[in-house]
Amino acid sequence: MSVAIGKREQRIVAIVWVIGIIVVWELASFLLKYVIQDPMASAKLPYPHIVAMTFVENWKILLEAGLVTFSRAAIGFALGSSVGILLAVLMSLSKTMERIAFPYLIVSQMIPVLGLAPIIFNIVRDMNVSRIMIAAYITFFPVAVNMLSGLKSVEQEKKDLLFSIASSKFKVYQKLMLPFSMSYLFTGLKIAAPMAVTASILVDMLGSKSGIGVKILYSLYSNSSNIFWASVLTSAFMGIISFYVVVFAERLCLPWQKATPRKEGVRA
Amino acid sequence: MNAPEIQIKNVSMVYPVNNGQDIVALTDVNLDIQEGEFISLLGPSGCGKTTLLRIIADLNQPTAGSVAIRGQSPRDIRMQRKYGIVFQNPVLYDWRTVRRNICMPMEIMGIPKKERTARINRVLELVGLQDFGDKYPFELSGGMQQRVGIARALALDPEFLFMDEPFSALDEFTREKLNEDLLSIWSKAKKTVIFVTHNIPESVFLSDRVVVLSPHPGRISAIVDINLPRPRENSIRETPEFYEYVTKIRRSFEGV
Amino acid sequence: MKSKVITILWPLAFGIALILAWQFGLFHKVLDLKPFQLPVPSEIASTLAANLPKALKDCGVTISGALVGMIIGSLMGFMIAAIATFFPKWGYGGMIVVTALNAVPIVALSPIMNLWFSTGMEQKIAVVTVVCMAAMAINGYSGLNNINPYSIDLMHSVAASEWTIFKKLRFPNSLPYIFTASKINIASSIIAAIISEYFAASTSGLGFGIKDNLRKAEMAMGWSYIVVASLAGVILYCVILLVERDALKWHASQK
Ligand SMILES: Nc1ncnc2c1ncn2[C@@H]1O[C@H](COP(=O)(O)OP(=O)(O)O)[C@@H](O)[C@H]1O
Ligand SMILES: [Mg+2]
């Protein structure tokens, strides 16, 4: 049965979930350490409160490292989104362009780009540039595909109305196609943002000198498991924050969207 | 008699369908419409009313026959931005408020801002939405949305008004009120109106002539002159003459 | 018929042009690269031909890990979606948490899985499982719940049980969403498997192969691994498409 759930109640339920997860984690750590008596327990699953304390103690280093990674992800994200939007508009303008590009768009997704990181690094020889490139490559696909699906979803009658007053193609895109596709675009951006962060972290781990990925690797190899877990947590927050930044931007940009949450987007 | 304002000659329309069973939406439609006339296209759904209206508006091309408007092609009329159209659905732009929805075609046509604002205020009042100008479409009821669509067409002050079942989503009370309002607008501006509907009393109330279409294949089965006096008010619906017209048209369907 | 030929010809022509441009050094000129940095297609092809058995074996290791992880993860994800559907109030909150988890960078998972599991294969499967679970849970939940309220009312009007509604209405409705998630997961499972091999103790698999060959500066061999991985991805993607076309004959997206 569909239960109408209030916004307030939703929030309470979500908070209870988060608290529940932390409690279960505490319990699991306890069990691992004292009941199963795993000698590696504090590395395998440290207590969340200890991770939190480590996080607080080292917040400055973690924040700094996180910002380095995040800013590269953001540049790549911006670049990839622009390319994706451009490509979608071109494909919607020309059937031939769509025929040529669309199969490669899909194939491009099957190339394990994150796996390509070492090769790209080898080619450009600059950690920051390859970080940006990979984040951009990862971003452009969901953006292009969702934007295109938005451009193609414009109802015929909406176009007819502009056709009926002899609008130019440019005006049709400016006044109708682009604004209409905004909500689809944001669906793509929401998918792409955490992926850009993931890409940036991975490039960190493959031989960068700074960034949160480096923190993860160093602490792992130097057996400082608390820092390791705090870094992993930081990277998790970064992914989640990137998602909510886009959600927030959408709220700001598309106030008419409030009432009609759109269905989930196209990813592959 | 003058040359007809709109001349529809031997128009046929066939929609190609993948399975080979092409749909014949219209066969051999002939119709002359005079300047300033209020014409209704009446018929059950699927008989080709929308198709015919879209052909006149240059949104579809007929597979045979031709349409001439003031001796020009529908395309010329469209390029001169001479008509306003109201669709069966409201066709509003979700990201624009009511005012900016009405504004959209005027923006594209390059009407100056001051003039636009004045026209918006006027048509909003006309359709009774003066308090809703800054709302988004999702904040309006279906009937209100439809009225925005009508206001948008009226704001252009076009020489021709094409309306595709504009009131079919409205309740009976609102519909009758808007019928009356539409007539008063029309009597002031004397536009040529083509009005699509499947509601017999509505067509009788509004029109100079009711063009009755029948389906499979779509064609004109009768044209009924409505000689009720103008200006008409809703009270006319209670007169025996009105009732006679309604009955006559209803009978013409039973014969099919 | 003619349009079908064009649909294939255009992309084909483009692909050939791309490979030719690469072969004859256009990319090298534009990007200012030396041949040893970016091997040309003919070199990659001959290297791949010479090392085909090893490449295929490594590919098999990675793909099998990716597939097993994807299947486990998808099943678990769908189960989460189903449970969340049966308990709407708490399930909805749970789905918010899953959405958040979906934003967690997968790479961070690899080192953790290395702590928890000992063999490379287990680590790989564990990473892929977690990655695939989220996408399936989110899409499955939408599919089970994005239902025309009238169809549910109709079910209730004949006093159908929640289980009947699930079987007759929710599950069929969710099929297109399940395929969407599967298409997403094909790509992400291969990537996740390769990444996990970068960090795991494994000495086989595409990820290990790419890393190892780059360390030894065997660029052409590294590239042939990438070609193999991409081909495997495309083939699996096509398999899903075919199954989808068969299973979803009734759906509008197939017409
Ligand atoms: N774009 C189209 N493609 C195929 N058939 C169509 C199309 N538009 C309308 N038809 C068919 O043409 C016939 C007339 O449709 P329409 O003009 O919309 O009728 P009405 O507006 O009177 O309901 C119907 O049988 C309809 O199914
Ligand atoms: Mg119609």
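Residues numbered from 1 in each chain as written. Chains lettered and ligands numbered in written order. Predicted model: local features only at pLDDT ≥ 70, side-chain atom pairs only at ≥ 80, totals over all residues. Heavy atoms only, no water.

**Q** Help me understand the site of ligand 1 in this model?
**A** Residues and elements named next belong to chain B. What surrounds ligand 1 is the set Y15, I23, A25, P44, S45, G46, C47, G48, K49, T50 and T51. In this structure, a nitrogen atom belonging to ligand 1 sits 3.4 Å away from a side-chain N or O atom of Y15. Taken by itself ligand 1 offers 560 Å² of open surface, and the protein chains cover 63% of this. In terms of residue class, the shell around ligand 1 is made up of five nonpolar, five polar and one charged. (Near = heavy atom within 4 Å. Polar contact = N/O pair within 3.5 Å; in protein donor to acceptor, adjacent residues only side chain to side chain. Areas by Shrake-Rupley, 256 points an atom, 1.4 Å probe, with all protein chains shown as cover. Nonpolar A, V, L, I, M, F, W, Y, C, P; charged D, E, K, R; others polar.)

**Q** I tried to follow the confidence of the model for chain B on my own but got confused; where do I start?
**A** Summarising the model, chain B shows a mean pLDDT of 91, and 98% of its residues fall at 70 or more. Quick note on the complex model: pTM equals 0.84, ipTM equals 0.85. (pLDDT = per-residue confidence, 0-100.)

**Q** Would you take a moment to explain the interface of chain C and chain A for this structure?
**A** Interface size is often expressed as the accessible area that is lost when the parts come together. If you look at the interface, chain C gives 60 residues, while chain A gives 56 residues. Buried surface at the junction of chain C and chain A, both sides included, amounts to about 5200 Å², of which 77% is carbon and sulfur. Summed over the shared surface of chain C and chain A, the number is one salt bridge. With its nearest N and O atoms 2.9 Å apart, the salt bridge here joins E9(A) to K89(C). Taken together, the links from chain C to chain A amount to five residue pairs in polar contact (both at pLDDT 80 or more). Residue assignment for the side of chain C that touches chain A shows that the elements contributing at least two residues are α1 (2–23), α5 (88–102), α6 (109–116), α7 (120–145), α9 (162–199), α10 (206–215) and α11 (219–247) of chain C. Of all the elements, α9(C) adds the most residues to the side of chain C that touches chain A, at twelve residues. Per-class residue counts for the side of chain C that touches chain A are 41 nonpolar, 15 polar and four charged. (Contact = heavy atoms within 4.5 Å. Buried area = accessible area lost by both parts, 1.4 Å probe. Salt bridge = Lys/Arg side-chain N within 4 Å of Asp/Glu carboxyl O. Helix = DSSP H or I, 4+ residues; strand = E, 2+ residues; numbered from the N terminus.)

**Q** How should I be thinking about the sheet that holds strand β2 (residues 23–33) of chain B in this particular structure?
**A** Strands in a sheet are paired, the pairing made by backbone hydrogen bonds, and the direction either parallel or antiparallel. Residue and element names in this part refer to chain B. In space, the three strands of this open sheet follow the order β2-β1-β4, with antiparallel pairing throughout. Of all strands in the sheet, those bounded by a partner on one side alone are β2 and β4 (64–69). If you compare each strand with its neighbour and ignore which way they point, the axes differ by 20 degrees on average. Sheet topology places strand β1 (residues 6–15) next to β2; seven bridges connect them, and they run antiparallel. Across the sheet, V14 pairs through a bridge with V24, a residue of β2. Sheet strands touched by helix α1 (residues 49–56): β1, β2 and β4. Its angle to β1, the strand with the most contacts, is close to 125 degrees. (Pairing = 2+ DSSP bridges. Axes fitted to C-alpha atoms, helices over the stretch in contact; angles between N-to-C directions.)

**Q** How do you make sense of the interface of chain B and chain A when you look at a structure like this?
**A** Each partner contributes to the interface: chain B provides 26 residues, whereas chain A provides 18 residues. Summing both partners gives a buried area of about 2200 Å² for chain B against chain A, and 68% of it is carried by carbon and sulfur. By the criterion of area lost to chain A, the three top residues of chain B are W95(B), I108(B) and F138(B), representing 30% of everything that side buries. For E107(B), the salt bridge identified is with K175(A), shortest N-O distance 2.4 Å.

**Q** How do you make sense of α9(C) when you look at a structure like this?
**A** Given 3.6 residues per turn, any residue in an α-helix points the same way as the ones three and four places further on. All names here are of chain C. Across its 38 residues, α9 extends only 45 Å between first and last C-alpha, which sits more than 12% below the 56 Å expected from 1.5 Å per residue. In α9, a bend of some 40 degrees at L175 exceeds every other bend along the element, and P176, a proline, comes one to four places later. Burial analysis of α9 places 28 of its 38 residues in the buried class, the great majority of the element. (Expected span 1.5 Å × (residues − 1). Bend = angle between axes of the 7 residues up to and from the residue. Buried < 20%, exposed > 50% of the residue type's maximum accessible area, 1.4 Å probe, protein only.)

**Q** Got a minute to help me understand the side chain of S182(C) in this structure?
**A** Residue and element names in this part refer to chain C. Here S182 lies in helix α9. Exposure remark for S182: the relative accessible area of 9% places this residue in the buried category. At 2.8 Å, the side chain of S182 and the backbone oxygen of I178 are in polar contact. Ignoring anything within four residues of it in the chain, the contact list for S182 reads M70, M136 and I240.

**Q** Explain the sheet that holds strand β7 (residues 192–197) of chain B to me, please; I cannot follow it from the model alone.
**A** Residue and element names in this part refer to chain B. In spatial order, the strands read β5-β6-β7-β3-β8-β9; together these six strands make up an open sheet with mixed pairing. The open sheet is flanked by β5 (83–86) and β9 (219–225), the only strands paired with a single partner. Here the average twist between neighbouring strands, direction ignored, is 15 degrees. As paired elements, strand β3 (residues 38–42) and strand β8 (residues 209–214) share four bridges and run parallel to each other. Residue S40 lies in a different strand from β8, and its bridge partner there is V210. Docked against the sheet, helix α8 (residues 240–254) engages β3, β8 and β9, running at close to 20 degrees with respect to β8.

**Q** What should I look at first to understand the nonpolar core in this one?
**A** Where a protein is soluble and globular, its nonpolar side chains tend to be buried together. In terms of nonpolar packing, the biggest core is built from 199 residues, with I6(B), I8(B), L41(B), I102(B), F162(B) and V204(B) touching the most fellow members. For this core, the element with the most residues is helix α9 (residues 169–205) of chain A, which contributes 18 residues. Once residues lying within four places of it in the same chain are set aside, the contact partners of L41(B) are L31(B), K49(B), L52(B), I194(B), F195(B), V196(B), T197(B), V211(B) and L213(B). In this structure, F78(C), A84(C), F166(C) and I178(C) belong to the second largest nonpolar core, which totals 15 residues. (Core = buried A, V, L, I, M, F, W, Y, C linked by side-chain atoms within 4.5 Å.)

**Q** Is there a simple way to think about the pairing of β7(B) in this case?
**A** The two faces of the sheet receive side chains in turn, since in a regular strand these alternate between them. Residues and elements named next belong to chain B. Within β7, six of the six residues are buried, leaving the element largely enclosed by the surrounding structure. Pairing between β3 and β7: five bridges, direction parallel. Pairing of L41 across the sheet is with V196, part of β7. One ladder, built from five bridges, connects strand β6 (residues 160–164) with β7; its direction is parallel. Directly across from F162, in β7, lies its bridge partner I194.

**Q** Please clarify how α9(A) should be interpreted in this entry.
**A** All names here are of chain A. In this model α9 runs just 47 Å from its N-terminal to its C-terminal C-alpha over 37 residues, more than 12% under the 54 Å that 1.5 Å per residue would give. At M182, α9 shows its strongest bend, of approximately 45 degrees. Burial analysis of α9 places 29 of its 37 residues in the buried class, the great majority of the element. The first or second residue beyond α9 is G207, which carries a positive phi of 115 degrees.

**Q** So what exactly am I meant to see when it comes to unusual backbone geometry here?
**A** One can expect most non-glycine residues to show negative phi and most peptide bonds to be in trans. All names here are of chain B. Note that the residue after H216, namely P217, is joined by a cis bond; omega there is -10 degrees. Among the structural elements, P217 can be located in the loop between β8 and β9. Put simply, R230 and P231 share a cis peptide bond, and its omega is -5 degrees. As for its position among the elements, P231 is in the loop between β9 and α8. At N10, a residue that is not glycine, the phi angle is positive and equals roughly 50 degrees. Examined against the element boundaries, N10 turns out to sit in strand β1. Residue classification places N10 among the partly exposed positions, given a relative accessible area of 40%.

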